[in-house]
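Each chain, letter by letter, is given below.
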Amino acid sequence: MSTDYQRAREELGRRLRELRVECPDGRLTGTELAQRLGWTQSKISKLENGRQTPTDDDLRAWADATGQPAVVGELRARLKGFESQIRSWRRQLAAGHRPVQETWNTLVSDSRTLHVWENSVICGLLQTADYARHIFEGHAELQKSPRDAEEAVRTRMKRQEWLYRQGKRLNLLMWEGALFSRACPPEVLAAQLDRLLGVVGMDTVNLGVVPLDAALRLSPGNPFWVLDDRLVVTEDWHAELWLDDAETIALYRRIWDTFAESAVYGPHAQKVIARVRRSLTT
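Residues numbered from 1 in each chain as written. Predicted model: local features only at pLDDT ≥ 70, side-chain atom pairs only at ≥ 80, totals over all residues. Heavy atoms only, no water.

J.: What is the right way to read the nonpolar core from this model?
T.: Across soluble globular proteins, nonpolar side chains show a tendency to be buried alongside one another. The biggest cluster of nonpolar side chains holds 43 residues, and the ones touching the most others in it are L114, L170, L179, L196, L207 and W225. Here this core takes six residues from helix α11 (residues 186-199), the largest share from any one element. The contact partners of L179, leaving out residues within four places of it in the chain, are I122, M174, L189, L193, L196, V209, V272, I273 and V276. Of all hydrophobic cores here, the second largest spans 20 residues; its members include L16, L28, L47 and V71. (Core = buried A, V, L, I, M, F, W, Y, C linked by side-chain atoms within 4.5 Å. Buried < 20%, exposed > 50% of the residue type's maximum accessible area, 1.4 Å probe, protein only. Helix = DSSP H or I, 4+ residues; strand = E, 2+ residues; numbered from the N terminus. Contact = heavy atoms within 4.5 Å.)

In structure tokens form, the structure reads like this:
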């Protein structure tokens, strides 16, 4: 977790403590506030010390219980401010994958140029419906989130219309290892690789594949997206990171450019994909 994120969470915790101490009814102890809210005292302590991120409902309840409902807007603004950078999967997937995909549809629709590095799965903009379905089902099981794979698939497929709009450009680099990833049955992966073979040469797609035996100046790291020059989105198992400062965006573009030096394109990329495709039937 980033230092900036933790600092912001601690500052919110200090503000919550101030509200408890300055309660119009008189200073409340942590135990007394916990009793009013029906929470454990440990939750009060974790929130005030920046060791737990409050929910929107937590903030409303805290403001009401301390007799200061007018501050709820301020508290929500603070929460939104630091959650805009680290967006936990637990929170994002509370209503399933479809809302997350709708957010991504908006992000992509508003972008002209994407620079993407994928090293574990096929890029969502090029996924088949069957492949995407297996990805969503696997993550829903992991995160214990609502199962809405069919709605999520339809939303992701709609995003692919972006590829056929004039003036759009997907600059995609994939590690060859992602082509081998058995995140779905072999027949589904075979159809997915056929789809990839078909997009090589599209006017809006610049697809490069970094072969497994290519020399790398950097380790593969995590996948990431650079949307125009305004936003980087990268992800880990617990969260997505949305990063919009110019220095960080420039860093990720340098990383992308470094991987691009190791990639093959056009017929050479097709040759790598076809080799993996053949391995599924031998």
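J.: Sorry, what's going on with unusual backbone geometry here?
T.: Excluding glycine, most residues fall at negative phi; most peptide bonds, likewise, are trans. Positive phi, normally seen in glycine, also occurs at K144, with a value near 55°. Residue placement: K144 occurs in the loop between α8 (129-143) and α9 (149-159). Backbone geometry at D228 places phi at a positive 50°, although glycine is not the residue there. Here D228 is to be found in the loop between β5 (224-227) and β6 (231-235).

J.: Sorry, what's going on with α9 here?
T.: Given 3.6 residues to a turn, an α-helix orients residues that are three or four positions apart in the same direction. Of the residues making up α9, those classed as buried are A149, A152, V153, T155, R156 and R159. End-on, the buried residues of α9 take up no more than an arc of 165°, which puts them together on one face. Check the buried side of α9 and you find it contacts α7 (97-109) and α8. (Arc of directions from axis to C-beta.)

J.: Quick question: what am I supposed to make of helix α13 (residues 266-279) here?
T.: Helix length check: α13, at 14 residues, gives a terminal C-alpha distance of 20 Å against a target of 20 Å (1.5 Å per residue), a fit within 8%. In this structure, the buried side of α13 is in contact with α10 (176-180), α11, β4 (205-210) and β8 (264-265). (Expected span 1.5 Å × (residues − 1).)

J.: Explanation requested: the sheet that holds β6 in the structure shown.
T.: Strand-to-strand pairing in sheets goes through backbone hydrogen bonds, with the strands running parallel or antiparallel. Reading across from one edge, β1-β7-β6-β5-β2-β3-β4-β8 is the order of the eight strands in this open sheet, with mixed pairing throughout. Either end of the sheet is taken by a strand with one partner, and the two such strands are β1 (86-88) and β8. Relative to β5, strand β2 (residues 113-118) is paired through four bridges, and the arrangement is antiparallel. Opposite H115, over in β5, you have V226 as the bridge partner. Along the sheet, α7 makes contact with β1, β2, β5, β6 and β7 (239-243), crossing β5 at roughly 45°. (Pairing = 2+ DSSP bridges. Axes fitted to C-alpha atoms, helices over the stretch in contact; angles between N-to-C directions.)

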